[in-house]
Amino acid sequence: MPFTLPSLPYAANALEPSIDAMTMEIHHGRHHKAYVDNLNKALESQAALASKPINQLLREIKDVPENIRQAVINNGGGHANHAMFWEIMGPGAGGNPSGPLADDIKTTFGDFAAFQAQIKQAGVGRFGSGWAWLVLAGGKLQILSTANQDSPLMVGQVPIMGVDVWEHAYYLKYQNKRPDYIDAWWKVVNWNTVGKRYSEAKAGKI
Ligand code: MN
């Protein structure tokens, strides 16, 4: 099968207490795995599409035949979003960004606290399931949210970082308290990786 489930880059319990081990095991091993499996199933008679890198497949979503397009949006988006999500978190992380990303956040949003507040508002304000994002859009940082597994890549934006606000990402530990989950999530953000993604996005490499 062309698309494969990436391994978690740390142990399932590595993000405790912000994110509990059982949530991580189910989220990665069942939810993300299902997106990968269902993406492969949708593309099983589409060798050319199935050979594209996932981000390119989403950027070129209009090339996907209409009868399977929604399945690719849902499951290809789910695969790309979660692959990014595991990568931008880590044990012993948190704190503040540094370097060019920190400078751009300050220029664009005022200060880091204002940036965090806007991300939280985007995540809390997303009704139902979706993601809150920091994207590069037209070369500029922007905060937004998407529904379901819709990827910013489909509309020409580059995802720098995103927080999953589906209930499956937090319900076991936080139940209905999505704002508390987002507050705790900052403690596991790996700013080294996010800063690297920012540089890659600026260079057109995501
Ligand atoms: Mn998820």
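About the cut-offs
- Residues numbered from 1 in each chain as written.
- Predicted model: local features only at pLDDT ≥ 70, side-chain atom pairs only at ≥ 80, totals over all residues.
- Heavy atoms only, no water.
- Axes fitted to C-alpha atoms, helices over the stretch in contact; angles between N-to-C directions.
- Helix = DSSP H or I, 4+ residues; strand = E, 2+ residues; numbered from the N terminus.
- Left-handed = near helix turned anticlockwise from the far one by under 90°.
- Contact = heavy atoms within 4.5 Å.
- Nonpolar A, V, L, I, M, F, W, Y, C, P; charged D, E, K, R; others polar.
- Core = buried A, V, L, I, M, F, W, Y, C linked by side-chain atoms within 4.5 Å.
- Buried < 20%, exposed > 50% of the residue type's maximum accessible area, 1.4 Å probe, protein only.
- Domains from an automatic or database assignment.
- Donors = N, O, S within 2.8 Å, 3.2 Å for Na, K, Ca; no water.
- Salt bridge = Lys/Arg side-chain N within 4 Å of Asp/Glu carboxyl O.

What follows deals with the packing of helix α6 (residues 112-125) against helix α8 (residues 178-185). A pair of packed helices is characterised by two quantities: the angle between their axes and the separation of those axes. Running from N to C, α6 and α8 cross one another at 145 degrees; their axes reach a closest spacing of 10 Å. Crossing handedness for the pair α6 and α8: right-handed. Contact residues: Lys120, Gly123 and Val124 in α6; Arg178, Pro179, Ile182 and Asp183 in α8. Split into classes, the residues belonging to the contact of α6 with α8 amount to three nonpolar, one polar and three charged.

Attention shifts here to the nonpolar core. Within the largest apolar cluster, 50 residues are counted, with the highest numbers of intra-cluster contacts made by Met89, Phe115, Leu134, Met161 and Trp185. A per-element tally of this core places strand β1 (residues 130-137) first, with seven residues. Structurally, this core is a two-domain feature, drawing no fewer than three residues from each of domain 1 (21-87) and domain 2 (99-202). Those residues in contact with Leu134 that sit more than four places away from it in its chain are Leu101, Phe109, Phe115, Ile119, Leu141, Gln142, Ile143, Val158, Pro159, Ile160 and Met161. Of all hydrophobic cores here, the second largest spans 17 residues; its members include Leu39, Leu43, Leu57 and Ala80.

The next point concerns the coordination of the manganese ion. When a metal carries six donors in an octahedron, the ideal angles between them are 90 or 180 degrees, while four donors in a tetrahedron ideally lie at 109.5 degrees. Those protein atoms acting as donors to the manganese ion are His27 (NE2), His82 (NE2), Asp164 (OD) and His168 (NE2), and they sit at 2.0 to 2.1 Å. Among the residues examined, His27 registers a relative accessible area of 1% and is labelled buried. The class of His82 is buried, set by a relative accessible area of 0%.

Our focus in this paragraph is the pattern of salt bridges. Here the structure, examined in full by the defined rule, presents six salt bridges. The salt bridge partner of Lys52 is Asp63, with a shortest N-O separation of 3.7 Å. Of this pair, Lys52 sits in the loop between α2 (47-50) and α3 (54-59) while Asp63 sits in the loop between α3 and α4 (66-87); the two residues are eleven residues apart in sequence, bridging distant segments of the chain. The partner of Asp183 in a salt bridge is Lys120, with the nearest N and O atoms 3.0 Å apart. In this pair, Asp183 sits in helix α8 while Lys120 sits in helix α6, placing the two residues 63 residues apart along the sequence. Several salt bridges share partner residues, and in doing so they unite Lys52, Glu60 and Asp63 into one network.

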